[in-house]
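Tertiary structure, described
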Amino acid sequence: MGFSVHEIRQDFPALAQSVHGKPLIYLDNAATTQRPVQVLEAIERYNHFANANPHRGVHYLGTEATRAYEQARERVARFINAGSRKEVIFTRNATEALNLVAFAFGLAQVKAGDEIVLCISEHHSNLVPWQQIARLTGAKLKYLYLDEEFCLTHKEIQAKITDTTKIVAIAQMSNVLGTIYPVREIAGWAHSQGAVVVVDAAQSIPHQVVDVQALDADFLVFSGHKIYGPMGIGVLYGREELLREMPPYQFGGDMIEYVEEESSTFAPLPQKFEAGTPNVEGAVGLAAALDYVESIGLKQIAEHERNLTAYALEELRKLRWVRVHGPLDMAQRGPVISFEIEGCHPHDVATILDTYGVAVRAGHHCAQPLMNYLKIPASSRVSFALYNTKEEVDVFLESILNVRKWLGYGS
Ligand code: C6P
């Protein structure tokens, strides 16, 4: 059973506005998604009636805040099928979660001569921290390169991930190409070689079921703001036995067990990795967003987004002056399409589309090594969410024809 996208849109106040005198068509969902009233109201309720510092106050509001925060953790654990709530650490965003893994796990475990394997399409957040670990430890970075369909082959995976690999860090879905990588297969092979697998689910989490046990991920990260939740809240999932052995990442209040003048012992999981006052309203908003997504159904969302993507791709391919960077096979991709319009700089494309009310992203998308690999300076990108419609895709396509005209091309 599908869902009514027109009814869904009523939940998103941001979508009802006009920009530059045109109805807003928001196609920059890979950067951040809009929030439904269910999320906004959950945050407001928390702020009105339960705001206090969690894990500290014994008073009524203090225990309410603790309850709200820990219930949100349980909600996340259920959403990703973690073995227990101890495996869910709240962070500011996916970037902070990746830094936590790199510096608390990587720095302690990686030795000179070890290899860290990344995909060439990694977002800087899953690349720059590993460069730092390689620099600090003397380890080597190795990249998985893509075939002509922008996908990873079994051969490439098996050639690059070997028994000298210590860590494989890979996005489940590229924020530029839309490629969905075979993370389960990669994890199986990496584990057979003795490596640990870090999955960046920042892009995949709103579009497919992410089950950390089925994926056999050792660590997995995502951000609340890409799955209809607030900014400032992210998640690190880690296998309990790995998290238990890791040293803390930051030090201070709330992460300690006992502090003496010269030394301290640390709190058990998950508090060990959550120093300082946490973002309770962010966690509450994220839990509400996960409830919202599940109430619609990830399978239904994926099907709707797949239809929009297949349609947009088919129409874009009819335009001889458009080049798509990403797989054309729908089985290999999610709802993110990067493209170039011949003779038009991606920033001009995004600026002109904005005048038609169409929000797209242009630039290197925080994936400069990929841009160098593709030999392009930048691209334009549309990315769909559950609330986008076929009519919106049509306006986007018509506006693209206008971009060419604005820039002086006949057709
Ligand atoms: N990509 C985009 O427009 P943060 O900023 O920590 O919430 O997410 C970082 C991040 C990590 N991994 C992937 C695959 C991502 O796509 C992102 C964020 C946004 O593509 C902003 S650059």
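Refer to the structure printed above.
This write-up is about the structure you can find in this document. (Residues numbered from 1 in each chain as written. Predicted model: local features only at pLDDT ≥ 70, side-chain atom pairs only at ≥ 80, totals over all residues. Heavy atoms only, no water.)

With that out of the way, let us pick up the overall build of the protein chain. Along the backbone of the protein chain there are 14 helices and 17 strands. Since a compact globule built from 411 residues should have a radius of gyration of about 22 Å, the 22 Å found for the protein chain is in line with a globular shape. Split into buried and exposed, the 411 residues of the protein chain put 58% on the buried side. Pairs at least 24 apart in sequence give 71% of the contacts found in the protein chain among residues at least 6 apart. Averaged over its 37 positive side-chain charges, the protein chain has a centre that lies 4 Å from the centre of its 48 negative ones. (Helix = DSSP H or I, 4+ residues; strand = E, 2+ residues; numbered from the N terminus. Rg over C-alpha atoms; globule rule 2.2 N^0.38 Å. Buried < 20%, exposed > 50% of the residue type's maximum accessible area, 1.4 Å probe, protein only. Contact = heavy atoms within 4.5 Å. Lys, Arg positive; Asp, Glu negative; His and termini not counted. Charge placed at Lys NZ, Arg CZ, Asp CG, Glu CD.)

With their axes 9 Å apart at the nearest point, helix 3 (residues 60–80) and helix 10 (residues 280–296) run at an angle of 40 degrees to one another. On the basis of their axis angle, the class for helix 3 and helix 10 is oblique. Crossing handedness for the pair helix 3 and helix 10: left-handed. Between helix 3, through Ala65, Ala68, Tyr69, Ala72, Arg75, Val76 and Phe79, and helix 10, the contact on the second element is made entirely by Val280, Ala283, Val284, Leu286, Ala287, Leu290, Asp291, Val293 and Glu294. (Axes fitted to C-alpha atoms, helices over the stretch in contact; angles between N-to-C directions. Parallel < 35°, antiparallel > 145°, perpendicular 65-115°, else oblique. Left-handed = near helix turned anticlockwise from the far one by under 90°.)

Strands in a sheet are paired, the pairing made by backbone hydrogen bonds, and the direction either parallel or antiparallel. What the seven strands build is an open sheet, ordered 4-10-9-8-7-5-6; its pairing is mixed. Here the strands that pair on one side only, and so sit at the sheet edges, are strand 4 (88–91) and strand 6 (140–144). Ignoring which end each strand starts from, the neighbouring axes of this sheet average 20 degrees apart. In this sheet, strand 9 (residues 219–223) lies alongside strand 8 (residues 196–200) in parallel orientation, the contact comprising three bridges. Among the inter-strand pairings, Asp200 is bridged to a residue of strand 9, identified as Val221. (Pairing = 2+ DSSP bridges.)

This part covers helix 14 (residues 390–406). The terminal C-alpha atoms of helix 14 lie 24 Å apart, and with 17 residues this matches the ideal 24 Å at 1.5 Å per residue to within 8%. All of the buried residues in helix 14 are Glu392, Val393, Phe396, Leu397, Ser399, Ile400, Val403 and Arg404. Down the axis of helix 14, the buried side of the element spans an arc of 165 degrees, and every buried residue falls inside it. Those residues of helix 14 that are exposed and aimed more than 90 degrees away from the buried face are Lys405 and Trp406. (Expected span 1.5 Å × (residues − 1). Arc of directions from axis to C-beta.)

This next bit is on the packing of aromatic side chains. By the definition in use, this model includes ten aromatic pairs. When the ring of Phe12 is compared with that of Tyr292, the centres are 5.8 Å apart and the planes differ by 80 degrees; the resulting orientation is edge-to-face. Note that Phe12 is positioned in the loop between helix 1 (5–9) and strand 1 (18–19) and Tyr292 in helix 10, a separation of 280 residues in sequence. Each member of the pair, Phe12 as well as Tyr292, is classed as buried. Clustering of aromatic rings is evident, with ring pairs tying together Phe12, Tyr228, Tyr292 and Tyr387. Across from the ring centre of Tyr311, 4.4 Å away, lies the NZ or CZ of Lys390, which sits over that ring. Over the aromatic face of Tyr409 sits the side chain of Arg404, whose NZ or CZ is 4.0 Å from the ring centroid. (Phe/Tyr/Trp six-rings, centres within 6.5 Å; stacked < 30°, edge-to-face > 60°. Lys NZ or Arg CZ within 6 Å of the ring centre and 35° of its normal.)

This brings us to the side chain of Arg9. Mapped onto the fold, Arg9 is located in helix 1. Judged by its relative accessible area of 17%, Arg9 is buried. In this structure the side chain of Arg9 is engaged in a polar contact, spanning 2.7 Å, whose partner is the backbone oxygen of Tyr387. (Polar contact = N/O pair within 3.5 Å; in protein donor to acceptor, adjacent residues only side chain to side chain.)

It is worth spelling out unusual backbone geometry at this point. Of the consecutive residues Leu269 and Pro270, the connecting peptide bond is found in the cis state with omega at -5 degrees. Tracing the chain through its elements places Pro270 in the loop between strand 12 (264–266) and helix 10. Positive phi outside glycine occurs at Asp216, with the angle close to 60 degrees. Along the chain, Asp216 turns up in the loop between helix 8 (212–215) and strand 9.

Another aspect to go through is the environment of Arg381. You can see Arg381 is positioned in strand 17 (residues 379–383). Excluding residues that lie within four positions of it along the chain, Arg381 makes contacts with Leu27, Asp28, Ala30, Ala31, Asn175, Val336, Ile337, Ser338, Phe339, Val360, Arg361 and His365. Polar contacts involving the side chain of Arg381 include one to the side chain of Asp28, which spans 3.4 Å.

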